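# Observations on chain architecture
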Amino acid sequence: MALRKNKDFNPHKCGVTHFLNRIGGRWKVLIIYAVSRDCNRFGILRRAMPDISKQMLVNQLRELEEDKILERTIFAEIPPRVEYKLTKYGKSLMPVIDVIQQWGLKDMKKSIKQI
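What comes next concerns the included structure. (Residues numbered from 1 in each chain as written. Predicted model: local features only at pLDDT ≥ 70, side-chain atom pairs only at ≥ 80, totals over all residues. Heavy atoms only, no water.)

### Observations regarding the environment of Met49
Along the polypeptide, Met49 turns up in the loop between helix H3 (42-48) and helix H4 (54-66). Taking relative accessible area as the criterion, Met49 reaches 7% and is therefore assigned buried. Remark: the alpha-carbon pair of Met49 and Ile31, spanning 18 residues in sequence, is separated by 8.5 Å. Not counting chain neighbours up to four residues away, the residues in contact with Met49 comprise Trp27, Leu30, Ile31 and Leu57. (Helix = DSSP H or I, 4+ residues; strand = E, 2+ residues; numbered from the N terminus. Buried < 20%, exposed > 50% of the residue type's maximum accessible area, 1.4 Å probe, protein only. Contact = heavy atoms within 4.5 Å.)

Structure (structure tokens):
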């Protein structure tokens, strides 16, 4: 596993920095949101986020699993099936992500009215 540069960088013990170290970046919040909405398999996540590369999705899923935000279940089938779900810790992020979603929807409506 590649070493993440900024995972523990927080010289001032800031809560926002800690949050961003855990789920910052372009994709993690989107992955968490998608998994919470039953996009729980790799192929479904790729279709839900067509701009993410396969390798980036793999890396982000691994990091989220390493941070105990997602849990991966491998089913003993042919071909093997893998599903992701939020852990209890991951579910604790949903109120924050729901607020982000509501803010984004409100801001998009506001932006459309200004056009």
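### Comments concerning the packing of helix H2 (residues 28-36) against helix H6 (residues 94-114)
Relative placement of two packed helices is described by the angle separating their axes and the distance separating the axes. Close contact between H2 and H6 brings their axes to 11 Å; oriented N to C, the two are set at 105°. Of the possible angle classes, the one that applies to H2 and H6 is roughly perpendicular. Residues Val29, Ile32, Tyr33 and Ser36 of H2 form the contact with H6, whose own contacting residues are Met94, Ile97 and Gln101. Grouping the constituent residues of the contact of H2 with H6 by class yields five nonpolar, two polar and no charged. (Axes fitted to C-alpha atoms, helices over the stretch in contact; angles between N-to-C directions. Parallel < 35°, antiparallel > 145°, perpendicular 65-115°, else oblique. Nonpolar A, V, L, I, M, F, W, Y, C, P; charged D, E, K, R; others polar.)

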